[in-house]
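Below, each chain spelled out in residue letters.
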Amino acid sequence: MKVLLTGSTGYIGRRLKYMILQDKSIELRLFVRNKKALSSNISKDIDVFEGDTFDREKLKLALKDIDVAYYLIHSLNKKNYKDLDKTSAQNFIDIAKECGVKRVIYLGGLGVKNENTSEHLLSRIETGEVLSSCNEVQTIWIRAGVIIGSGSTSFEIIRNLTEKLPIMTTPKWVDTKAQPISVDDVLSYLYESLSIAIKENITVDIGSEELSYKEMMIKTANVLGLKRFIIPVPFLSIGLSSYWLNIFTPVPFIVAKALIEGLKSEVTIQNDNAKKYYPHINPLSYEDSVKKAISEIKSNQVVSRWSDSWGVTWDKDHQHEISDAIFVDRKLENLNEITSKKVFKTFMSIGGENGWFAYSFLWKLRGMIDKMIGGVGLHRGRRMEKELRIGDSLDFWQVVDIKENERLLLLAQMKLPGTAWLEFKIEGDKFIQSAYFYPKGVLGRLYWYCLVPAHYFVFRSMIKNIMKKAKYSN
Ligand SMILES: NC(=O)c1ccc[n+]([C@@H]2O[C@H](COP(=O)([O-])OP(=O)(O)OC[C@H]3O[C@@H](n4cnc5c(N)ncnc54)[C@H](OP(=O)(O)O)[C@@H]3O)[C@@H](O)[C@H]2O)c1
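Quantities reported herein were computed from a predicted structural model and do not represent experimental measurements. Throughout this document, residue positions are counted from 1 along each chain, in the order its sequence is written. Only residues with pLDDT of 70 or above have their local features reported here, since the model is predicted, and side-chain atom pairs are shown and tallied only from 80 upward, although totals for entire chains, interfaces and linings are computed over all residues.

Trainee: Help me understand the domain arrangement of the chain in this model?
Mentor: How big an interface is tends to be expressed through the accessible area that disappears when the partners come together. Where each domain starts and ends follows an automatic or database-derived domain assignment. Under the domain assignment used here, the chain contains domain 1 (2–307) and domain 2 (316–471). Relative to domain 2, the C-alpha centre of domain 1 lies at a distance of 31 Å. With 14 residues of domain 1 in contact, the opposing surface of domain 2 contributes 13 residues. Residue polarity is assigned by list, with Asp, Glu, Lys and Arg as charged and Ala, Val, Leu, Ile, Met, Phe, Trp, Tyr, Cys and Pro as nonpolar; anything else, Gly included, falls into the polar class. Considered class by class, the residues forming the side of domain 1 that touches domain 2 number 6 nonpolar, 6 polar and 2 charged. C-beta atoms are first placed from the backbone for all residues, and any pair lying within 7 Å is then listed as a contact.

Trainee: Before we go on, may I ask you to explain the nonpolar core in this structure?
Mentor: What tends to happen in soluble globular proteins is that the nonpolar side chains get buried as a cluster. Here, a nonpolar core denotes buried Ala, Val, Leu, Ile, Met, Phe, Trp, Tyr and Cys residues that are linked to one another through C-beta atoms within 7 Å. Three exposure classes are used. Buried residues have 20 or more other C-beta atoms within 10 Å of their own C-beta, exposed residues have 12 or fewer, and partly exposed residues fall in between, all C-beta atoms being placed from the backbone. A69, Y71, V104, I142 and L410 are the most contacted members of the largest nonpolar core, which totals 108 residues. The numbering of helices and of strands both runs from the N terminus, where a helix is a DSSP run of H or I of at least 4 residues and a strand a run of E of at least 2. The leading source of residues in this core is helix α15 (residues 441–471), at 7 residues. There are two domains that each give this core at least three residues, and those are domain 1 (2–307) and domain 2 (316–471).

Trainee: Just checking my understanding: could you explain the environment of S195 for this structure?
Mentor: In this structure, S195 sits in the loop between α6 (183–192) and β11 (202–206). As a C-alpha pair, S195 and N405 span 210 residues in sequence and 43 Å in three-dimensional space.

Trainee: Sorry if this is basic, but what is going on with unusual backbone geometry here?
Mentor: Negative phi characterises most residues that are not glycine, and trans characterises most peptide bonds. Unusually for a residue other than glycine, D65 sits at a positive phi of about 65 degrees. By the secondary structure assignment, D65 is in the loop between α2 (56–63) and β4 (68–71). For D65, a count of 11 C-beta atoms within 10 Å puts it in the exposed group. Despite not being glycine, D395 has its phi angle at roughly 50 degrees, a positive value. Position of D395 relative to the elements: it lies in the loop between β15 (393–394) and β16 (397–403). Its 26 C-beta neighbours within 10 Å are what place D395 among the buried residues.

Trainee: Sorry, what's going on with the sheet that holds strand β14 (residues 327–334) here?
Mentor: To summarise the sheet geometry, strands pair through backbone hydrogen bonds and adopt either a parallel or an antiparallel arrangement. With respect to topology, 6 strands assemble into an open sheet ordered β14-β19-β18-β17-β16-β15, the strand pairing being antiparallel. At either end of the open sheet lies a strand with only one pairing partner, and these are β14 and β15. The axes used here are C-alpha line fits, helices contributing only the stretch in contact, and every angle between their N-to-C directions lies in the interval 0 to 180 degrees. Across the sheet, helix α13 (residues 340–347) is in contact with β17 (407–412), β18 (418–427) and β19 (430–439); its angle to β18 comes to roughly 155 degrees. Against the sheet, α15 engages β14, β18 and β19, with an angle of about 165 degrees to β19. Between any two strands, at least two bridges found by DSSP are needed for them to pair.

Listed below in structure tokens is the structure:
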């Protein structure tokens with residue numbers, strides 16, 4: 001069976017890819033916007049096609065000779081996502097039909113259309129409708145609500161709130177019912193959808209037991225061994241609640257707002273197709289899903305996180321943009337007897353629990369300011385303590401380039417009056433650390449000048465400490 005997987009750099013797609021790769025009867029092909037965002041250990045036997053769903057010619061190449069295609073794509077981090085998502089789905093199904101694809105498998109959101117349906121969910125429903133609108137291609141539309149897994153948005157919000165706040169005053173929507181599901185069960189439904197013997201289009205609603213968000217937080221606290229008090233109050237507006245989530249969890253304001261809007265309507269199962277067509281999948285209970293997610297986090301086995309695909313701007317040529325930067329703060333050190341391998345390993349360990357090598361309190365302060373103004377802050381940390389890959393979010397940065405034993409390039413995702421990068425590079429016998437800034441207007445220039453004194457101390461100590469740590473590392 002020839003299978004095309006889209007979204008394979010995303011939260012679900014990355015995990016599904018590993019699952020499908022176990023099945024040797026499947027010839028897997030990936031469709032990605034940037035090949036570099038794939039893990040370097042991806043098998044050499046997999047065909048990787050670069051392109052995006054707005055490029056019909058690239059889609060034709062990717063969907064040629066394919067039997068089943070997964071559609072795990074959304075444009076939610078773009079302003080006009082509703083229109084983009086419709087066009088993307090239409091292109092996909094048109095070309096799938098042209099290429100003779102037999103089945104498209106789509107994962108959308110759980111919930112129904114009514115006056116309370118959030119824009120976010122409406123767009124997911126519309127995508128499903130477009131994909132199911134073609135008679136020649138069968139569509140299996142799986143609908144999941146809250147997905148519980150290490151690094152999933154909903155779980156990270158629930159976990160962070162539960163861990164950080166012994167007493168929570170919450171909006172009345174915490175009583176809204178949902179049917180959460182473990183990410184591993186979602187993957188099982190997606191994988192089994194390749195082979196279920198059915199010809200017509202189906203919608204499959206998936207989930208475990210019915211719980212309110214309040215019950216989910218209490219159960220999460222139980223698993224974490226914590227006692228928590230939740231007091232719903234009637235006057236917390238969407239804006240205020242979103243700001244609250246933004247401050248106490250790793251999600252930025254706009255993601256928090258989209259989620260809170262979704263909390264107004266119930267996200268429960270509307271059909272029994274999961275039991276009918278996938279009788280041997282028995283979804284894990286909520287508590288077991290939480291235990292599994294926490295054990296993955298504790299053992300540093302997080303395969304994907306919501307933030308890795310959030311706000312990525314792959315269409316940007318960072319190399320070109322860096323050379324256009326107006327301000328550069330560059331520091332240089334001689335490697336002397338320290339190997340480039342040791343220096344590379346040391347700067348690749350930056351961020352998260354490992355810290356930023358100098359003036360941690362200033363980095364934390366910058367993270368706090370970013371949170372206050374609705375940004376991502378420092379809470380996202382690192383996906384894994386020792387591994388970094390292109391696309392990973394790293395505190396308020398995103399990894400946009402890695403060259404083994406040579407280079408790490410980070411793009412700033414904090415709120416800034418301009419665009420900033422931080423580069424660590426080994427060239428010959430030199431270690432070069434550069435901060436680049438492309439300011440937006442006068443404010444951007446003022447911002448840079450105000451930070452010159454702080455940069456002087458922070459960046460100078462940073463490079464020295466990286467060298468020192470590299471020297472004494474194994
Ligand atoms: N995660 C959840 O909690 C959850 C819950 C319920 C339903 N779902 C559904 O599951 C599906 C996948 O979600 P996810 O959380 O895995 O998303 P995600 O982590 O945000 O990943 C989105 C993926 O789509 C790719 N992509 C976006 N626009 C594209 C385009 N125009 N052409 C090609 N690729 C494009 C991204 O590639 P880049 O890496 O290049 O950006 C990325 O691989 C969505 O339909 C979502 O509604 C997810």
